[in-house]
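Each chain, written out:
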Amino acid sequence: MSPLWRAAHDRLSSGRSVSRIRVGPLTEEQRVALADLLGMDRLPPEHVSVAVTRLDHVLAETGDGLRDVVTRLVGPLDDRAGRRAEAAEARAELWSWLSHHPVVGAQPALLDWVEFVRRTGLVGGSVARTRTTLEQVLRVLAELPAAGVPLPVLAERTLRDSHALDDGTRCSTLVLRALAAIYETPAPSDVAQRRRLWERAGVADDELSSVVLVAGLRPPEQGLVSAILRLCADAGQVAALTLGQVRVTTWPAGLPEIVWVFENPSVVAVALARFGTRCPPMVCTSGWPNSAGILVLQGLSAAGCTLRYHGDLDGEGLRIAANVASRTGAVPWRMSTDDYLAALGPHATGPTVGRVTDAPWDAALADRMREHGITVSEERVADLLMEELHRYRPTA
């Protein structure tokens with residue numbers, strides 16, 4: 001009778017409702033035994049389907065049901081459907097956690113990366129292993145762009161393992177894929193491309209080539225950078241600070257309450273031409289901020305300055321703004337839905353917005369930009385920005 005009990009055990013372990021047990025092929029001896037069990041007047045065929053209710057009825061005479069018998073003779077029953085449901089729920093919880101993680105929420109461009117990770121599937125088929133890996137990746141992304149640190153130092157600082165981000169590791173591959181989504185570039189396919197993407201994220205930047213533009217800022221303390229900034233501000237000029245200079249700078253108390261941050265150097269040039277030596281304090285990221293830019297903005301924010309950021313209102317501009325805001329605490333300024341629509345006017349024309357991801361500071365902005373499809377460059381609204389700067393009166 002063992003073929004019948006094994007077949008019954010397998011079917012009942014499915015976790016689903018079972019009405020019949022199919023068993024076979026049976027030997028003649030096994031067919032005789034089955035006929036005796038069921039009280040049949042003829043031998044069953046080699047392959048036979050038996051109703052569960054009939055087996056329960058026959059076995060009831062022993063005081064047991066079918067489940068009791070197969071559990072005693074074969075082993076505990078499984079619940080494969082239940083386990084599949086639990087596994088599906090665990091996967092759904094994992095992807096929901098990833099989609100709503102603060103690092104992803106701060107930079108919605110990462111939602112494309114989330115979808116890529118989801119399509120790739122679980123690490124080793126395990127939700128727990130996958131979550132552990134993704135937690136490591138998110139810890140690294142939370143520190144990027146970095147301030148020119150070497151890759152092993154970043155790995156040690158974030159993951160307590162200097163080799164955790166070595167080329168070819170799963171964590172390194174996922175971080176680079178996320179950076180490609182943020183910067184809207186193809187996923188790197190060779191060593192040179194991977195190196196360039198790390199460098200773009202401020203890993204191992206050269207201390208001289210990474211430069212940030214600062215204007216109108218007069219720190220009260222003594223020191224090389226403070227002296228450079230005051231001299232340039234007093235001359236109505238912009239200061240170009242290198243990463244090496246920024247690294248040795250300590251930002252003192254007594255800085256301006258507000259520092260204005262712009263994406264494009266051309267807008268800073270307009271401000272200097274208009275205000276000269278009375279130019280309000282401002283920093284220019286020159287597109288995606290490099291290590292020097294992030295370090296300056298983080299230092300000013302830590303010193304108590306409120307950072308008000310403005311950039312292009314196009315797809316990339318939203319991603320840059322989200323990146324700056326998430327890494328420095330800057331507040332987008334003049335980048336709302338109303339600002340976008342007002343700048344368009346009734347007969348607006350201009351470049352297309354490209355791929356638009358959600359703006360964390362304004363839920364409706366991305367939809368309106370997709371609807372109109374027209375870029376509002378920072379230069380288009382430069383005069384409006386200058387008028388607001390003109391009304392600004394610093395407290396320090």
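Residues numbered from 1 in each chain as written. Predicted model: local features only at pLDDT ≥ 70, side-chain atom pairs only at ≥ 80, totals over all residues. Heavy atoms only, no water.

**Side note on the sheet that holds strand E7 (residues 306-310)**
Sheet strands pair via backbone hydrogen bonds, and the direction of the pair is either parallel or antiparallel.
Stage number 1. Spatial ordering of the open sheet is given by E4-E3-E6-E5-E7-E8, a layout of 6 strands whose pairing is mixed. Strands with a single pairing partner mark the edges of an open sheet, and in this sheet they are strand E4 (239-242) and strand E8 (331-332).
Stage number 2. Two elements, strand E5 (residues 258-262) and strand E6 (residues 282-284), share 3 bridges in a ladder whose sense is parallel. By the bridge assignment, Phe-262 is partnered in E6 with Cys-284.
Stage number 3. Each of strand E3 (211-215) and E4 touches helix H12 (residues 224-234); the most contacted strand, E4, lies at about 160 degrees to it.
Stage number 4. Packed on one face of the sheet, helix H14 (residues 265-275) meets E3, E5 and E6 and runs near 150 degrees to E6. (Pairing = 2+ DSSP bridges. Helix = DSSP H or I, 4+ residues; strand = E, 2+ residues; numbered from the N terminus. Contact = heavy atoms within 4.5 Å. Axes fitted to C-alpha atoms, helices over the stretch in contact; angles between N-to-C directions.)

**Considerations on the nonpolar core**
Stage number 1. Counting residues in each nonpolar core, the largest one holds 95 residues, and the members touching the most others are Trp-113, Leu-141, Leu-144, Val-175, Leu-179 and Leu-300.
Stage number 2. Of the residues forming this core, the biggest block, 10 residues, is contributed by helix H10 (residues 170-183).
Stage number 3. Apart from the residues within four sequence positions on either side, Trp-113 is in contact with Leu-98, Leu-134, Val-137, Leu-138, Leu-174, Arg-177, Ala-178 and Ala-181.
Stage number 4. Listed in part, the 20 residues of the second largest apolar core include Ala-7, Leu-26, Leu-66 and Val-69. (Core = buried A, V, L, I, M, F, W, Y, C linked by side-chain atoms within 4.5 Å. Buried < 20%, exposed > 50% of the residue type's maximum accessible area, 1.4 Å probe, protein only.)

**Focus: unusual backbone geometry**
Stage number 1. Omega for the bond connecting Gly-24 with Pro-25 falls within 30 degrees of zero, at 0 degrees, which places this linkage in the cis form.
Stage number 2. Structurally, the position occupied by Pro-25 is in the loop between strand E1 (20-23) and helix H2 (28-38).
Stage number 3. With an omega of 0 degrees, the peptide bond between Leu-144 and Pro-145 qualifies as cis.
Stage number 4. Here Pro-145 shows up in the loop between helix H8 (127-141) and helix H9 (151-159).
Stage number 5. The backbone of Glu-184 shows a phi angle near 55 degrees, a positive value even though the residue is not glycine.
Stage number 6. Relative to the elements of secondary structure, Glu-184 occurs in the loop between H10 and helix H11 (191-200).

**A short note on the pattern of salt bridges**
Stage number 1. Per the counting criterion, the structure on display carries 14 salt bridges.
Stage number 2. With a shortest N-O distance of 2.5 Å, Arg-355 and Asp-112 are connected by a salt bridge. Separated by 243 residues along the polypeptide, Arg-355 in the loop between helix H17 (337-344) and helix H18 (365-372) and Asp-112 in helix H7 (residues 110-120) bring together distant segments of the chain.
Stage number 3. The shortest N-O distance in the salt bridge between Glu-135 and Arg-131 comes to 3.3 Å. Of this pair, Glu-135 and Arg-131 are both found in helix H8, 4 residues apart, which corresponds to roughly one turn of the helix.
Stage number 4. Judged by relative accessible area, Arg-131 falls into the partly exposed class, the value being 33%.
Stage number 5. Connected through salt bridges with shared partners, the residues Asp-112, Glu-184, Arg-319 and Arg-355 form a single ionic network. (Salt bridge = Lys/Arg side-chain N within 4 Å of Asp/Glu carboxyl O.)

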